[in-house]
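One letter stands for each residue in the lines below.
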Amino acid sequence: MKIENIQGVYELYKNSVRAVEPKKKVEAPKDEINLSRSAQDYQFASKAVRNAPDVRDDIVTDVSSRAKSGGLNIPSGAIADKLVAAFF
């Protein structure tokens, strides 16, 4: 088979094929989370604890200086009471 009128065939083909429209981008819905009030309170407290220093330098310095100067007097009975309460 011999096709002589290539341009005519191309025009017929071009007219019969419909143009493909670009797909519209659909945005996915954003994830959303709703925390209960108690969960929000827990999150706030947890963040405060996480940001707090492990050692309170002001108290350590005060107790150290009082211990060195002899001004720190802790009754032995109070220490014994704390130990007994902690272990029994």
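Per chain, the residues get numbers from 1 upward, laid out in the order the sequence is written. Where local features are concerned, this predicted model is filtered to residues with pLDDT of at least 70; where side-chain atom pairs are given and counted, the filter is 80 or more; whole-chain, interface and lining totals use all residues. The basis for the side-chain values is all heavy atoms of the structure; hydrogens and waters are excluded.

Some thoughts on the overall build of the protein chain
Phase 1: Within the protein chain, the regular secondary structure consists of four helices and zero strands.
Phase 2: For the protein chain, the α and β elements follow one another from N to C terminus as α-α-α-α.
Phase 3: Against the globule reference of 12 Å for 88 residues, the protein chain gives a C-alpha radius of gyration of 40 Å, more extended than a compact globule.
Phase 4: Per-residue and other accessible areas were derived by the Shrake-Rupley procedure at a 1.4 Å probe size, with only the shown protein chains allowed to occlude residues. Summed over its atoms, the accessible surface of the protein chain is roughly 9400 Å², and 58% of this surface lies on carbon and sulfur atoms.
Phase 5: In summary, the charge assignment counts Lys and Arg as positive and Asp and Glu as negative, without counting His or the chain termini. Every charge is mapped to an atom, namely NZ of Lys, CZ of Arg, CG of Asp or CD of Glu. Within the protein chain, the 12 negative side-chain charges are centred at a point lying 4 Å from the centre of the 14 positive side-chain charges. Only DSSP runs of H or I reaching four residues or more are called helices, and only runs of E reaching two or more are called strands; each is numbered from the N terminus. For a compact globule the rule gives 2.2 Å times the number of residues to the power 0.38, and the radius of gyration it is set against comes from C-alpha atoms.

Structural notes on the pattern of salt bridges
Phase 1: By definition here, a salt bridge exists when the distance from a side-chain nitrogen of Lys or Arg to a carboxyl oxygen of Asp or Glu is within 4 Å. What the rule picks out here adds up to two salt bridges.
Phase 2: The closest approach of N and O atoms between Arg56 and Asp58, which form a salt bridge, is 3.9 Å.

Quick word on the confidence of the model for the protein chain
Phase 1: Residue-level confidence of the predictor, termed pLDDT, takes values from 0 up to 100. On average, residues of the protein chain carry a pLDDT of 85, and 94% of them reach 70 or more.
Phase 2: Looking over the protein chain, one finds the lowest element-wise mean pLDDT in helix H1 (residues 6–16), namely 75, and the highest in helix H2 (residues 37–51), namely 94.

A short note on a nonpolar patch on the surface
Phase 1: Judged by side-chain polarity, Ile74, Ile79, Leu83, Val84, Phe87 and Phe88 come together as a nonpolar surface patch covering roughly 710 Å² of accessible area.
Phase 2: By secondary structure assignment, the location of Ile79 is in helix H4 (residues 76–87). Residues enter a patch when their relative accessible area is above 30% and they make no salt bridge; the linking distance is 9 Å between like charges and 5 Å between nonpolar side chains (Val, Leu, Ile, Met, Phe, Trp, Tyr).

Thoughts on the environment of Asp54
Phase 1: Tracing the backbone through its elements, the reader meets Asp54 in the loop between H2 and helix H3 (57–69).
Phase 2: Throughout this description, buried means an accessible area under 20% of the type-specific maximum (1.4 Å probe, protein chains only), exposed means over 50%, and partly exposed covers the range between. On the basis of relative accessibility, which here comes to 81%, the residue Asp54 falls in the exposed class.
Phase 3: The spacing of Asp54 and Phe44 is ten residues in sequence and 18 Å in space, taken between C-alpha atoms.

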